[in-house]
Amino acid sequence: MRMYLSRGPHRITGFSVVRTYATTGQQAHARAKIAQIDSSRPFAPALIDTFQRRHDYLRISLTERCNLRCFYCMPEEGIELSPQGKLLTNPEILRLASLFVKSGVTKIRLTGGEPTIRKGIDEIIGGLDALRPLGLKSIAMTSNGIVLPRKLPTLVQNGLTHLNLSLDTLDPFKFEFMTRRRGHEAVLKSLYAALASPELVSVKLNVVVIQGLNDAEVVDFVELTKDEDLSVRFIEFMPFTGNSWDKKKMVPSEELLDRIRQHYSFVERTADEVNDTARSWHVPGYKGPLASLAAYGQIKVCLFDAKEVSLRDEMRQGASDDDLLKIVGRAVTGKEEKHAHMEDIDVVTNRPMILIGGYRRSPRRSSTRYLQTRSYSTPAKLTHLDETGRANMVDVSSKDETHRTATASGRIFIPAIAYQLITGTYPSSTTSGELNKVVEKARRKGDALTVAQLAAIMGSKRTSDLIPLCHPLALSNVQVHLTPEAPSDSETRHSVVCTATVSCQGKTGVEMEALTAVSVGLLTVWDMLKAVAGKEMVIGEIMVTEKSGGRSGDFSRQS
């Protein structure tokens, strides 16, 4: 779980595009309004940074897990999720939330991953609702809407007041491409259910705009605000580890606004809310506005800052609320005045967005302040090492046995003569004497692909003997296929593709077994053909392509 703290955005009365600058007059007006709000009630010094900015908006990321796989959020290779014991418990979440509210926080937003798949989210919202006498004014949530239709009534009843839904396209086929999952209809159901809930003070739609993908739909989203009190927020595509960020894919807010103005004869500017991350606009006659713009106990003072501090560890070591507040104060004091430019964000050490709490805002606006808490103590941890750095087998005794499958693939590049051998078209007797000798030597070993297939199956069953810290598993099925492939053009080479699918009923995944099968299968092909191609063969492209089952959810690598 993680928490962000800032000056919270309020209801937008126009459309907004994430922008990064403000006029001198607007800045003066904002400062005056901030001063008025700040003087209205006590505020803990720990939440005031060195630029005298008061952090009153807290985001809590409830989980790293998500039931979608949006390419700009989730790295293609997936992520390694934290063990359950590393996450903050519900009572720990509520303790920290209470501490922040007592210190001056007035708005809390729940994010993820996908917060609605967090077990007990309704109780968490109910617990937050009980903090209203302490000064909490609003409870917000950002969701992808996949499972929200059936949960929304209870969440609203328990105290949810603001909802942001993430939907980047109105095309169901494009939705499946962008999210790598189905569910477009469910998100629309969530949107309509939210708009029909009078208890919700605000309903907003977050749209990440990507050049050449969904940027042509901007006007379609604007049209949603014509008859509904819905705020549409266009968000720039931002860089995070593993999301293949490219500046060419980004549609700057200025360009986005120009496109909207080309379609509508007049677009009026509306007042920005205090410290909102977006500039607000409105199409005259339209009902709704427009705007452009970590689950683990760590304080992260800025979404784009890789530095984090663990509150979870301190709590579990017996820290008092005063001790925790001092840690928070040190984190806030170290906060920078401005964010880095888009090209300067550290995407090497800054986590993928799925591990930070979602795609939320422009990295360049200087007036917004964030604090984040998450539930494990280091930015990354190797699960097979203990606290001292020694080798350690992961304890899976607490896990449930589930059906697990994994598919891996790899390729060995071979010369044409080796390809002829394994496809059955052998050289004629007119082949030179020396070449005949090596060909016959290779043929004496038998059918190369059959032998490699058997070796791959045997190798998968011996994975725990080969890889020291792998758990021995009772595999229920191993399927191995080796397919020769001829070049499709002058730039490619002959090759053999090995694919292995392994399944079991167990407490841990079988990715290693699938990878071992592919590796052993390809090595066996190399051994079978080395007499004719030992100096020319290259093994590569070994990877997990699919997995299912287990806590981390399903994974499918996009081709």
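Attention in this report is confined to the structure presented alongside it. Because the structure is predicted, anything quoted here is derived from the model rather than measured.

What counts, and where the lines are drawn
- Residues numbered from 1 in each chain as written.
- Predicted model: local features only at pLDDT ≥ 70, side-chain atom pairs only at ≥ 80, totals over all residues.
- Heavy atoms only, no water.
- Helix = DSSP H or I, 4+ residues; strand = E, 2+ residues; numbered from the N terminus.
- Buried < 20%, exposed > 50% of the residue type's maximum accessible area, 1.4 Å probe, protein only.
- Areas by Shrake-Rupley, 256 points an atom, 1.4 Å probe, with all protein chains shown as cover.
- Core = buried A, V, L, I, M, F, W, Y, C linked by side-chain atoms within 4.5 Å.
- Phe/Tyr/Trp six-rings, centres within 6.5 Å; stacked < 30°, edge-to-face > 60°.
- Lys NZ or Arg CZ within 6 Å of the ring centre and 35° of its normal.
- Salt bridge = Lys/Arg side-chain N within 4 Å of Asp/Glu carboxyl O.
- Arc of directions from axis to C-beta.
- Pairing = 2+ DSSP bridges.
- Right-handed = clockwise from strand over helix to strand, strands pointing away.
- Contact = heavy atoms within 4.5 Å.
- Axes fitted to C-alpha atoms, helices over the stretch in contact; angles between N-to-C directions.
- Parallel < 35°, antiparallel > 145°, perpendicular 65-115°, else oblique.
- Left-handed = near helix turned anticlockwise from the far one by under 90°.
- Nonpolar A, V, L, I, M, F, W, Y, C, P; charged D, E, K, R; others polar.
- Expected span 1.5 Å × (residues − 1).

Things to note about the overall build of the protein chain
Within the protein chain, the regular secondary structure consists of 15 helices and 18 strands. Taking all 559 residues of the protein chain together, the buried fraction comes to 52%. Of the roughly 24700 Å² that the protein chain leaves accessible, carbon and sulfur atoms contribute 53%.

Considerations on the nonpolar core
Residues Ile108, Leu128, Leu205, Val222 and Phe234 are the most contacted members of the largest nonpolar core, which totals 82 residues. A total of six residues in this core trace back to one element, the largest contributor, which is helix α2 (residues 90-103). Ranked by size, the runner-up nonpolar core spans 32 residues in total, among them Leu421, Leu482, Cys504 and Val525.

Quick word on the packing of aromatic side chains
Here a ring pair, both rings aromatic, is described through the centre-centre distance and the interplanar angle of the planes. Scanning the model with the defined rule gives one aromatic pair in all. The interplanar angle of 85° and the centroid separation of 5.8 Å between the aromatic rings of Tyr264 and Tyr286 together place this pair among those described as edge-to-face. One end of the pair, Tyr264, is in the loop between α8 (253-263) and β9 (268-269); the other, Tyr286, is in the loop between β10 (279-282) and β11 (290-292), with 22 residues separating them in the sequence. Across the pair, exposure class does not vary: Tyr264 and Tyr286 are buried alike. The lysine or arginine in question, Lys107, covers the ring of Tyr57, its NZ or CZ lying 5.1 Å from the ring centre.

Quick word on the pattern of salt bridges
Any two side chains of opposite charge can pair, given that their charged atoms come close. Within the structure shown, the criterion is met by twelve salt bridges. A salt bridge links Asp321 to Arg95; its shortest N-O distance comes to 3.0 Å. Assessed through its relative accessible area of 29%, Arg95 is described here as partly exposed. For Glu176, the salt bridge goes to Arg182, with nearest N and O atoms at 3.7 Å. Owing to a relative accessible area of 35%, Glu176 belongs among the partly exposed residues under this scheme.

Considering α8
Along α8, the residues that are buried comprise Ser253, Leu256, Leu257 and Ile260. The arc that holds the buried residues of α8, viewed along the axis, is 95°, so those residues lie on one side.

Let's talk about unusual backbone geometry
With an omega of 15°, the peptide bond running from Gly112 to Gly113 counts as cis. Among the secondary structure elements, Gly113 is positioned in the loop between β4 (107-111) and α3 (121-129). One non-glycine residue, Glu541, lies in the positive phi region at around 60°. Residue position: Glu541 is located in strand β17 (residues 538-548).

Structural notes on the environment of Ala97
Among the secondary structure elements, Ala97 is positioned in helix α2. Judged by its relative accessible area of 0%, Ala97 is buried. Once the C-alpha coordinates of Ala97 and Arg59 are considered, the two residues, 38 residues apart in sequence, prove to be 9.6 Å apart.

Some words on the pairing of strand β6 (residues 162-166)
Across the five residues of β6, four count as buried, placing the element largely inside the fold. Inspection of the sheet shows strand β5 (residues 138-143) paired to β6 by four bridges, in the parallel sense. In the sheet register, Met141 faces β6, and the bridge partner there is Leu163. Since β5 and β6 lie parallel, the crossover through helix α4 (residues 148-158) that links them has a hand, and here it is right-handed. The pairing of β6 with strand β7 (residues 202-209) spans five bridges and is parallel. Looking across to β7, one finds that His162 is bridged to Ser202.

Notes on the sheet that holds β17
The five strands lie next to each other as β15-β16-β14-β17-β18, forming an open sheet whose pairing is antiparallel. Unpaired on one side and paired on the other, β15 (475-485) and β18 (555-556) mark the two borders of the sheet. Both β17 and β18 contribute to a ladder of two bridges, which runs antiparallel. Paired with Glu546 across the two strands is Ser556, which belongs to β18. Where helix α13 (residues 448-461) meets the sheet, its contacts fall on β15 and β16 (495-506), and the angle it forms with β15 comes to roughly 150°.

A few points about the environment of Pro289
On the secondary structure map, Pro289 appears in the loop between β10 and β11. Looking at Pro289, the relative accessible area reads 3%, which means it is buried.

Some details on the packing of helix α11 (residues 416-423) against helix α15 (residues 511-533)
For the pair α11 and α15, interaxial distance at closest approach is 9 Å and the crossing angle is 130°. As the angle between them shows, α11 and α15 are arranged oblique. When the axes of α11 and α15 are compared, the crossing they make is right-handed. Of α15, the residues touching α11 (which contributes Ile417, Ala418, Leu421 and Ile422) are Leu529, Val532 and Ala533. Among the residues forming the contact of α11 with α15, the class breakdown is seven nonpolar, no polar and no charged.

Overview of α2
Over its 14 residues, α2 extends 20 Å from the first C-alpha to the last, a length consistent with the 20 Å expected when each residue adds 1.5 Å. The complete set of buried residues in α2 reads Glu92, Ile93, Leu96, Ala97, Ser98, Leu99, Phe100, Val101 and Ser103. Just past α2, the residue Gly104 takes up positive phi, approximately 135°.

Keep in mind these numbers describe shape, not what the thing actually does.
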